Every structure is written in structure tokens, then in C-alpha cells.
Amino acid sequence: MTPYARRGVHGQTVEALARRILGGEIPEGATLDLVALQSELDVSLTALRESLKVLAAKGMVDARQKRGTFVRNRSDWNLLDADVLRWQFDSFRTTDADRALLRNLAEVRSIIEPAAVRLAAGRRTDADLAALNTAVDAMGAGGSDAAHAVEADLAFHRALLAATHNELLERMEMVIESGLAHRDRIVHSSPHSQDPVPAHRAVLDAVRAQDPQAAEAAMRALLDQAGRDLDRVGGSDNDLERLSGQ
């Protein structure tokens, strides 16, 4: 599903409601008091209802006669939706569930990206190589600018999925990107993370050489480094709390 537009009263209301649900302020199973929410959020009832429709489409809320509008069980939520993922990381509080979310993302990446890079190695075009090379060059040019490093890394992984020329794999960008951005903000905000350029350059070189086996090995090495970096800089609750709030 394409992420909704976040601007305006509608977007702000969706964000506010989602964060309350993801943060546990409005728990699973709770019935929503629409009149109270309308007053708290200072929006019209129409704007509130339209915002709830967005959350309903993502499986987070539902409405029934005699019960009203309520928060559905987490098992019903569309956890692969890009907005739902982003909201989860926006609500990151270093709980066991939050840490599990980072682990789950790492496992998903370990399944998707090594297979994707094998396809990319066999299908890449000159335009794909140019996009990958631009992203790697940007990583090296950003210095200590964490925001620049995050965007360069996201650009690399978007370009990699695009190079598979598989429409469904390309859409996995929406699943990976929110969590990858959060992980990158933690890692690249620390002076103790390793230089990401060599590992990404190794993937690019293997894709350029059209060597699927080498490309997969390079990607697995990159993911291993990513895990070590996160363990190194996010080992304490204080670090994670400070960095997740940025």
C-alpha cells in the first residue's frame, strides 16, 4: 500500500492516533471515545473519521454496531505496511518488543537481500550500476553527517532492489526502509561504527562483475557487519533511548 500524505490536518491526525496506539496509550481492544479524541486533537468529527479510515485500512482499528470504533489485536495489523513499520520505530522505547522488532527486521533482510543481490548481479543495467555507484560515493562523501549517511545507505538498498527488475521485490523497499533508517540513525550517530563504504563497494563490485555467488557472499558480509555495528553502539538502554529519540 502506498503511504498516505502526511501533511495537513488529516495527516497529522492519522499520525497522532497511530502513535498513541503503537505506543500503548490506546491499548489493543480499547474502544475509542470519538468525542473525547475530537476535543483532544482539536479536529472536526469528519477529519477524525477520515483518519480512522486510514488506520482501518491498515488493520489497526475497526467499527461495529453496539461496540463502536476499537483497536484491533496486533495480530490483525498489517505489520508489513510501510506506515505501520515507521510508526513502530517512531514509538521505539527499548522494550523487549522493540528490540525484537529490530531483530525481526535483520532476519527479513537476511532472507531478502542476499537473494535479491543474486538477481541484481544477473540483470543489472548500466543505469542500475550508476545508481549504486552514486550511493556508495555519497556514503564516502558525507563525513560525520549522520543524516547524509542514512540517506546514502537507503539509496543504495533501493537501487539494489530496483536492479533485480522484479516488481514485487522492488516493493520490499517499503518494508525494509523504515526499519533500516532507524537502525542507520542509531549506528551512524555513533563515533564507534565501522566505515560502511568498503562493504557496500564489495557488493557493487560483485554486481558489476555479474557474479551472483560473490554478490551474495558480499551482501551476507555486509549484513553481518550491520549486525555487529548495532550490537556495538546500541548495547545499552541509555544509548538506544538517546539515539532512538533523534
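Look up: the structure comes first, before these words.
Residues numbered from 1 in each chain as written. Predicted model: local features only at pLDDT ≥ 70, side-chain atom pairs only at ≥ 80, totals over all residues. Heavy atoms only, no water.

J.: What's the story with the side chain of Asp-153 in this structure? I'm lost.
T.: Within the secondary structure, Asp-153 is located in helix H7 (residues 146-162). The exposure class assigned to Asp-153 is buried, which follows from its relative accessible area of 5%. With residues near it in sequence (within four places) discarded, Asp-153 still touches Met-139, Leu-180, Arg-183, Asp-184 and His-200. (Helix = DSSP H or I, 4+ residues; strand = E, 2+ residues; numbered from the N terminus. Buried < 20%, exposed > 50% of the residue type's maximum accessible area, 1.4 Å probe, protein only. Contact = heavy atoms within 4.5 Å.)

J.: Explain the environment of Glu-151 here, please?
T.: The topology assignment puts Glu-151 in helix H7. Its relative accessible area of 41% is what places Glu-151 among the partly exposed residues. Between the C-alpha atom of Glu-151 and that of Ala-138, which follows or precedes it by 13 residues, the distance is 8.8 Å.

J.: Would you take a moment to explain the packing of helix H6 (residues 126-141) against H7 for this structure?
T.: In a packed pair of helices, the relevant descriptors are the angle between the two axes and the axis-to-axis distance. One can describe the packing of H6 onto H7 by two numbers: an axis separation of 8 Å at closest approach and a directional angle of 165°. Classified by the angle their axes make, H6 and H7 are roughly antiparallel. Between H6 and H7 lies a crossing of left-handed hand. Contacts from Asp-128, Ala-131, Leu-132, Ala-135, Val-136, Ala-138, Met-139 and Ala-141 of H6 reach H7 at His-148, Ala-152, Asp-153, Ala-155, Phe-156, Ala-159, Leu-160 and Ala-162. Taken together, the residues of the contact of H6 with H7 sort by class into 13 nonpolar, 1 polar and 2 charged. (Axes fitted to C-alpha atoms, helices over the stretch in contact; angles between N-to-C directions. Parallel < 35°, antiparallel > 145°, perpendicular 65-115°, else oblique. Left-handed = near helix turned anticlockwise from the far one by under 90°. Nonpolar A, V, L, I, M, F, W, Y, C, P; charged D, E, K, R; others polar.)

J.: When you look at the nonpolar core in this model, what are you seeing that I'm missing?
T.: What tends to happen in soluble globular proteins is that the nonpolar side chains get buried as a cluster. Judged by nonpolar contacts, the single largest core of 24 residues is most densely connected at Val-117, Leu-132, Phe-156, Val-203, Val-207 and Met-219. Listed by contribution, the elements that provide at least two residues to this core are helix H5 (96-123), H6, H7, helix H10 (197-208) and helix H11 (212-233). Of the residues forming this core, the biggest block, 6 residues, is contributed by H10. Aside from chain neighbours lying at most four places away, what touches Val-117 is Leu-160, Val-203, Val-207, Ala-215, Glu-216 and Met-219. Judged by nonpolar contacts, the second largest core, of 22 residues, contains Ala-18, Val-54, Met-60 and Val-71. (Core = buried A, V, L, I, M, F, W, Y, C linked by side-chain atoms within 4.5 Å.)

J.: What exactly am I supposed to notice about the pattern of salt bridges here?
T.: Two side chains that carry opposite charge are able to pair once their charged atoms sit near each other. Under the counting rule described, the total for this entry stands at 17 salt bridges. Across the pair Asp-81 and Lys-58 runs a salt bridge whose closest N-O atoms are separated by 3.0 Å. You can see Asp-81 sitting in the loop between strand S2 (68-71) and helix H4 (82-90) and its partner Lys-58 sitting in the loop between helix H3 (45-57) and strand S1 (61-64), a full 23 residues away along the chain. (Salt bridge = Lys/Arg side-chain N within 4 Å of Asp/Glu carboxyl O.)

J.: How should I be thinking about empty space enclosed by the protein in this particular structure?
T.: Leftover empty space is mapped by rolling, across the atoms, a probe with the size of a water molecule. With the rule as written, the count across this model stands at 2 cavities of 30 Å³ or more. Taken together, Leu-154, His-157, Arg-158, Leu-161, Glu-173, Ile-176, Glu-177 and Leu-180 make up the full set of residues lining the second largest cavity. Broken down by class, the residue content of the lining of the second largest cavity amounts to 4 nonpolar, 1 polar and 3 charged. (1 Å grid on protein atoms, 1.4 Å probe; cavity = no way out; pocket = protein on both sides within 12 Å on 5 of 7 lines; lining within 4 Å. Points joined across faces, edges and corners; volume = space filled by probe spheres on them.)

J.: What is the right way to look at H10 in this model?
T.: Count 3.6 residues to each turn of an α-helix, and residues three or four apart come out pointing the same way. The terminal C-alpha atoms of H10, which comprises 12 residues, lie 16 Å apart, in line with the 16 Å expected from a rise of 1.5 Å per residue. Looking at the residues trailing H10, positive phi occurs at Gln-210, about 55°. (Expected span 1.5 Å × (residues − 1).)

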